[in-house]
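Single-letter residue listing:
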Amino acid sequence: MAHTAQRTAAGSGSPAAPALDRLLGTVPALTERLAAGAAAREAEREAERELPYARAQSVRESGLGALRVPPGHGGPGSDLRTLFRVLIDIAAADSNLAQALRPHFGYVERLISRASEEERRRWFAEVVSGALFGNATGETDTKHPGEIRTLLSRSADGGGYRLNGTKFYSTGSLFADYVVVAAVDEQERRVRVLLPRGREGMRLLDDWDGMGQRTTASGTTLLDDVPVRADEVTREPTQQERRTHIGAFHQLYLAAVQVGIARDALRDAVAYARHTARAVRHSGVGHAVDDPLVQHAVGEISALAFGAEATVLRAAESIDQAIATVAEDEVAGTEEQLGSASIDVARAQVIASQAALRAAERLYDVGGASATRRRHNFDRHWRNARTLASHNPVPHKARVVGDHLLNGAGPPSTGFF
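No experiment lies behind these values; they were computed from the predicted model shown.

Chemist: I tried to follow the nonpolar core on my own but got confused; where do I start?
Modeler: Across soluble globular proteins, you tend to see nonpolar side chains buried next to one another. The biggest cluster of nonpolar side chains holds 71 residues, and the ones touching the most others in it are Phe84, Leu163, Leu252 and Val312. If you tally residues by element for this core, the top one is helix H9 (residues 246–275), at 10 residues. Among residues more than four places away in sequence, those in contact with Leu252 are Phe84, Val312, Ala315, Ala316, Ile319, Val345 and Ala348. Residues Ala265, Tyr272, Ala273 and Val366 belong to the second largest nonpolar core, which totals 17 residues.

Chemist: Which parts of the structure should I look at to understand empty space enclosed by the protein?
Modeler: This structure, assessed with the given rule, holds 6 cavities of 30 Å³ or more. Quantified by volume, the second largest cavity comes out at close to 50 Å³. Along the wall of the second largest cavity there are 11 residues; nearest its centre are Glu42, Asp94, Ser95, Asp264 and Arg380. Those elements giving two or more residues to the lining of the second largest cavity turn out to be helix H3 (38–48), H9 and helix H12 (379–389). A total of 3 residues in the lining of the second largest cavity trace back to one element, the largest contributor, which is H12. By residue class, the composition of the lining of the second largest cavity is 3 nonpolar, 3 polar and 5 charged.

Chemist: I keep staring at the pairing of strand S5 (residues 190–196) and nothing clicks. Help me out?
Modeler: Remark: a regular strand shows side chains that alternate across the two faces of the sheet. Of all 7 residues in S5, 5 are buried, a share of seventy percent or more. Across 7 bridges, the pairing between strand S4 (residues 178–185) and S5 is antiparallel. Its bridge partner being in S5, Val181 is matched across the sheet by Val193. Between the antiparallel neighbours S4 and S5 lie 4 residues, among them Glu188 with a positive phi of about 60°. Here 3 bridges tie S5 to strand S8 (residues 233–235), and the two strands are oriented antiparallel to one another.

Chemist: In this structure, what is going on with the packing of aromatic side chains? I would like to understand it.
Modeler: The geometry of an aromatic ring pair comes down to the distance between the two centres and the angle between the two planes. Per the counting criterion, the structure on display carries 13 aromatic pairs. The interplanar angle of 20° and the centroid separation of 5.3 Å between the aromatic rings of Phe133 and Tyr178 together place this pair among those described as stacked. Separated by 45 residues along the polypeptide, Phe133 in strand S1 (residues 133–136) and Tyr178 in strand S4 bring together distant segments of the chain. Take Phe133 and Tyr178: they sit in the same class, and that class is buried.

Chemist: What exactly am I supposed to notice about the pattern of salt bridges here?
Modeler: Pairing is possible between side chains that carry opposite charge, provided their charged atoms lie close to one another. Applying the stated criterion across every chain, the model contains 28 salt bridges. Taking the shortest distance from any N to any O, the salt bridge between Arg189 and Asp185 comes out at 2.8 Å. When its relative accessible area of 11% is taken as the criterion, Asp185 is described as buried. Across the pair Arg229 and Asp231 runs a salt bridge whose closest N-O atoms are separated by 3.1 Å.

Chemist: Even after reading the chapter, I still don't get helix H13 (residues 394–407), so can you show me in this structure?
Modeler: Residues separated by three or four positions in an α-helix point in the same direction, a consequence of the helix having 3.6 residues per turn. Compared with the 20 Å implied by 1.5 Å per residue over 14 residues, the 20 Å span of H13 between its first and last C-alpha is a close match. Looking only at H13, the buried set comprises Val394, Lys397, Val400 and Val401. Each buried residue of H13 lies within a common arc of 115° when the element is viewed along its axis, so the set occupies one face. Facing away from the buried side of H13 by more than 90 degrees, the exposed set consists of Pro395, Leu406 and Asn407. Tucked inside the fold, the buried residues of H13 contact H9, helix H11 (335–362) and H12. Two residues or fewer after H13 comes Gly408, characterised by a positive phi angle close to 75°.

Chemist: Is there a simple way to explain the packing of helix H10 (residues 292–324) against H11 in this structure?
Modeler: Two numbers describe a pair of packed helices, the interaxial angle and the distance between the axes. Between H10 and H11, the shortest axis-to-axis distance is 8 Å and the interhelical angle comes to 165°. In terms of axis orientation, H10 runs roughly antiparallel to H11. Of the two elements, H10 crosses H11, and the hand of that crossing is left-handed. Class assignment of the residues belonging to the contact of H10 with H11 gives a composition of 17 nonpolar, 4 polar and 4 charged.

Chemist: Looking at this structure, how should I read the layout of surface pockets?
Modeler: Gaps left between atoms are located by rolling a probe of water-molecule size over the structure's atoms. Reported here for the second largest pocket is a volume of approximately 220 Å³. Around the second largest pocket sit Tyr107, Ser116, Glu118, Glu119, Arg122, Trp123, Arg192, Leu194, Asp231, Glu232, Val233 and Thr234, which together line it. At the level of secondary structure, the elements contributing two or more residues to the lining of the second largest pocket comprise helix H8 (117–128), S5 and S8. Looking at the lining of the second largest pocket element by element, the count peaks at 4 residues for H8. Residues of the lining of the second largest pocket, tallied by class, amount to 4 nonpolar, 2 polar and 6 charged.

Rules used in this analysis
- Residues numbered from 1 in each chain as written.
- Predicted model: local features only at pLDDT ≥ 70, side-chain atom pairs only at ≥ 80, totals over all residues.
- Heavy atoms only, no water.
- Core = buried A, V, L, I, M, F, W, Y, C linked by side-chain atoms within 4.5 Å.
- Buried < 20%, exposed > 50% of the residue type's maximum accessible area, 1.4 Å probe, protein only.
- Helix = DSSP H or I, 4+ residues; strand = E, 2+ residues; numbered from the N terminus.
- Contact = heavy atoms within 4.5 Å.
- 1 Å grid on protein atoms, 1.4 Å probe; cavity = no way out; pocket = protein on both sides within 12 Å on 5 of 7 lines; lining within 4 Å.
- Points joined across faces, edges and corners; volume = space filled by probe spheres on them.
- Nonpolar A, V, L, I, M, F, W, Y, C, P; charged D, E, K, R; others polar.
- Pairing = 2+ DSSP bridges.
- Phe/Tyr/Trp six-rings, centres within 6.5 Å; stacked < 30°, edge-to-face > 60°.
- Salt bridge = Lys/Arg side-chain N within 4 Å of Asp/Glu carboxyl O.
- Expected span 1.5 Å × (residues − 1).
- Arc of directions from axis to C-beta.
- Axes fitted to C-alpha atoms, helices over the stretch in contact; angles between N-to-C directions.
- Parallel < 35°, antiparallel > 145°, perpendicular 65-115°, else oblique.
- Left-handed = near helix turned anticlockwise from the far one by under 90°.

Here you go:
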């Protein structure tokens, strides 16, 4: 398979630059709409198991799903730093929606890194037209995360294939037009199967019952003798073939959502202090906003969000720099750069996770016991941040960074770095 370079954001003289500028210009209005009344809506949606279909549709219609599509395929060709800046803005408005879009943007990166030119022509056109891609890769009945038992086998009549298995963590698939399924064939080789969401024999269930990120549609996908055409199957490279930026991208995405959570906690802290909190009687001030301890809490939350965002964007630049040096079909010489970028991403995950969790805790120092009332739904920040931090445990990220600095060890090539 070809390995095409992905350069930085379209330069000011390129035809794609005006398209990118126009697209980025729509972000403030979109995120303002997404953020309006988010806390109350999320509490209601969680209680009623109401998924944000309309909000996903607004992103589909915005065209932001095509930010990274190269100009040669009809997209604006954004760099990763720009993409992550937009994703942080979306996550600050609605972290569930941002997380639900992770498989889509991850699939676009896979097209950039691992796809043949034929695949790129076919699927970039779908992305530019507004199609969203969901995920059905993870399984819970295996010994280790990442193991796959879902089987792609030849049809009995020899006409194509059949797909059977059960997936979990199918994030965003209920909002998607296509679902990317990880499977193994009869020779136990990894394959990727890309199916339209309504394919016969595929059932998507909203049964995710985690304490946080409750409306990301991260539930079960049941695959019962699903018919598959040959052109819907692609063999996956083994982990040993070469390192790509895909793992680092997926991990940095989690960190970006954490930054959004910290920023959302800051917005709630400021609004609560200004409009709802009462000054503590012995604070010596008449209004909560004049209490030095409230000011300190808000300032600390702001600093946490600010620092985490800067760290995530710096890590995005590291990936940009690593993949900008990769020429067509040139693999040698990139392992060190991609490994270095993965280390930066691991650092960013540690910082962003700590920032989101600390910001979610400090929020309660702004308003006292009344801030814990259910109608405020402030606990969503900690629940969401803790759930994200548990995806690929953050302590392992710090350990890998330490091993790299102490012993020169490279990051694992498991897809989790």
